[in-house]
Amino acid sequence: MYHDHMCFASAIPEYLDIPGIQAYNTPVTPTSEFPSYVRFRHSRHTTRFSNRLSFLLRDLVTSLPYRSFVNRWRAERFGFPRIGLTGQYRALDRQKCPLLYSISPTMLPRPADWPEWVHMTGYWHLKESTEYNPPEDLISFLESGPPPVCIGFGSMRYESSETTTKIVVDAVKHCGYRAILLSGWQGMMKIDLPESIYMASEIPHSWLFEHVSASVNAGGIGTLTTALKAGLPTLAVPFGGDSLFWGWQIERLGVGPEAIHVKNLTVPLLATRLKKLVESTGYRESAQEIATAMQSEDGVATAIDFIEKTVSSA
């Protein structure tokens, strides 16, 4: 199994004459039903034609930087022919190479125009440790009032940690909410905070999401799916890449308001979206419906079953 970012990987099973299986967590297979995460303009209003075109753009953007190097390696190492402008992605389609998406069809229905060798298994969630012992000040904070909003952007790199932190804190204070801020790897800055806001570098999401009312995150597929599996209404603040695509899905599913690109983040805009997120019963109901559906899926077992069948039939 391999991801398309391993741009040499597809040649290895071809050379060894063994089954190769692609694996992704964001759609790369062209469809008319929704756009790729690589687009000229991230508008919510698309057409079937522009959706298809966006996948061609994605192929070009992700393959051209490596194409000459990959072609030289394929020729010198294996004696393989050159791949075209769109790279190995569409070449694998022509070979009908099996592809697994670790995506829940509850969150993204399988497009009718995808070929039969493309499969959705549901998410591949790791079993998280249950050994987390929260610090006493965190327990005290949670017990001192209503469930807070969780806000954290993980490993995303900020243009200005100080500015982003101040916007988040001021928006929460403006709304009069309680919040837990996760500073993450790059870090929101630890500044003077009111008693209504608690900051930590990290807290296991599987534990934390059982104790909060909503999630504000960068739209990364891992945090997003964990929040939805916990039934939390969600607001995405994408920094770029596939998080823009998943931020759009949040709104489409009705589990949260329109995403805010981090470059557009302001106190008034974040405060407005926070109020929608927390006070809309519709978002919570939709998130809980999706959580129920996701909890009935076993993406790992489905993927294992497919892999075993593929290998045994080779």
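Undergrad: Give a description of the packing of aromatic side chains that names residues and reports values.
TA: Between two aromatic rings, the relevant description is the distance of the centres plus the angle of the planes. This model, assessed by the stated rule, comprises 13 aromatic pairs. Aromatic side chains tryptophan 73 and phenylalanine 78 sit 5.0 Å apart centroid to centroid with 90° between the ring planes, which places their arrangement in the edge-to-face category. The class for tryptophan 73 is partly exposed, based on a relative accessible area of 26%. For phenylalanine 78, a relative accessible area of 15% gives the class buried. Each ring, one from tyrosine 101 and one from tryptophan 114, has its centre 4.9 Å from the other, and the planes form 20°; the classification is stacked. Taken together, the residues tyrosine 101 in strand 2 (residues 99-101) and tryptophan 114 in the loop between strand 2 and strand 3 (118-120) connect sequence positions 13 residues apart. With respect to class, tyrosine 101 is no different from tryptophan 114; both count as buried. An aromatic cluster of at least three residues, connected via ring pairs, comprises Tyr24, Phe34, Phe55, Tyr101, Trp114, Phe245, Trp246 and Trp248.

Undergrad: Before we move on, could you go through the pattern of salt bridges and cite the residues and values that matter?
TA: Where side chains of opposite charge bring their charged atoms close, a pairing between them can arise. Per the counting criterion, the structure on display carries seven salt bridges. Note that aspartate 113 and arginine 52 form a salt bridge whose closest N and O atoms lie 3.4 Å from each other. Here arginine 52 lies in helix 2 (residues 48-78) and aspartate 113 lies in the loop between strand 2 and strand 3, a separation of 61 residues in the sequence. On the basis of relative accessibility, which here comes to 26%, the residue aspartate 113 falls in the partly exposed class. Ionic pairing is found between aspartate 305 and lysine 309, a salt bridge with its closest N-O pair at 3.2 Å.

Undergrad: Just give me the short version of the pairing of strand 5 (residues 179-182), but keep the residues and values in it.
TA: Burial along strand 5 is two-sided: the face carrying Ala179 and Leu181 and the face carrying Ile180 and Leu182 are both buried. For strand 4 (residues 149-152) and strand 5, the ladder comprises four bridges, and the chain directions are parallel. If you follow cysteine 150 over to strand 5, its bridge partner there is isoleucine 180. Across four bridges, strand 5 lies against strand 6 (residues 197-200) in parallel orientation.

Undergrad: Lay out the sheet that holds strand 1 (residues 22-24) in plain terms, naming residues and giving numbers.
TA: On the basis of which strands lie adjacent, the open sheet formed by three strands has the order 1-2-3 and parallel pairing. In the strand order of this sheet, the two ends are held by strand 1 and strand 3, each with one partner. Strand-to-strand twist in this sheet, taken as the mean axis angle between neighbours without regard to direction, amounts to 20°.

Undergrad: Describe in detail the nonpolar core, supporting the description with residues and values.
TA: Tyr101, Met107 and Trp246 are the most contacted members of the largest nonpolar core, which has 30 residues in total. Those elements giving two or more residues to this core turn out to be helix 2, strand 2, strand 3, helix 7 (221-229), helix 8 (242-253) and helix 10 (281-295). Excluding residues that lie within four positions of it along the chain, methionine 107 makes contacts with Tyr123, Leu224, Thr225, Leu228, Trp246, Gln249, Arg252, Leu253 and Met294.

Undergrad: Let's hear about a nonpolar patch on the surface: which residues, and what values?
TA: Together, Met1, Trp124, Val300 and Ile304 make up an exposed nonpolar region whose accessible area comes to about 350 Å². For valine 300, the location among the structural elements is in helix 11 (residues 299-312).

Undergrad: Now, about the environment of cysteine 97: what can you tell me, with residues and values included?
TA: The residue cysteine 97 is located in the loop between helix 3 (88-94) and strand 2 in this model. Considering only alpha carbons, one finds cysteine 97 and proline 19, 78 residues apart in sequence, at a separation of 8.4 Å. The contacts of cysteine 97, once residues within four sequence positions are left out, are Tyr2, Gly20, Gln22, Leu92 and Trp117.

Undergrad: Describe in detail the sheet that holds strand 5, supporting the description with residues and values.
TA: On the basis of which strands lie adjacent, the open sheet formed by five strands has the order 6-5-4-7-8 and parallel pairing. In the strand order of this sheet, the two ends are held by strand 6 and strand 8 (234-236), each with one partner. Neighbour-to-neighbour, the strand axes of this sheet turn through a mean angle of 15°, independent of strand direction. Where strand 7 (residues 214-217) lies against strand 8, three bridges are found, and the strand directions are parallel. Bridge pairing links valine 216 to leucine 235 in strand 8.

Undergrad: For the packing of helix 5 (residues 161-175) against helix 9 (residues 267-279), give the residues involved together with the corresponding values.
TA: Remark: helix 5 packs on helix 9, axes separated minimally by 8 Å, with the N-to-C direction vectors making an angle of 50°. When the axes of helix 5 and helix 9 are compared, the pair comes out oblique. Handedness of the crossing formed by helix 5 with helix 9: right-handed. Every residue of helix 9 that contacts helix 5 at Ile167, Val168, Asp170, Ala171, Val172, His174 and Cys175 is listed here: Val267, Leu270, Ala271, Leu274 and Lys275. Each residue belonging to the contact of helix 5 with helix 9 can be placed in one class, and the counts come to nine nonpolar, one polar and two charged.

Calculation notes
Residues numbered from 1 in each chain as written. Predicted model: local features only at pLDDT ≥ 70, side-chain atom pairs only at ≥ 80, totals over all residues. Heavy atoms only, no water. Phe/Tyr/Trp six-rings, centres within 6.5 Å; stacked < 30°, edge-to-face > 60°. Buried < 20%, exposed > 50% of the residue type's maximum accessible area, 1.4 Å probe, protein only. Helix = DSSP H or I, 4+ residues; strand = E, 2+ residues; numbered from the N terminus. Salt bridge = Lys/Arg side-chain N within 4 Å of Asp/Glu carboxyl O. Pairing = 2+ DSSP bridges. Axes fitted to C-alpha atoms, helices over the stretch in contact; angles between N-to-C directions. Core = buried A, V, L, I, M, F, W, Y, C linked by side-chain atoms within 4.5 Å. Contact = heavy atoms within 4.5 Å. Patch = residues over 30% accessible without salt bridge, like charges linked within 9 Å, V, L, I, M, F, W, Y side chains within 5 Å. Areas by Shrake-Rupley, 256 points an atom, 1.4 Å probe, with all protein chains shown as cover. Parallel < 35°, antiparallel > 145°, perpendicular 65-115°, else oblique. Left-handed = near helix turned anticlockwise from the far one by under 90°. Nonpolar A, V, L, I, M, F, W, Y, C, P; charged D, E, K, R; others polar.

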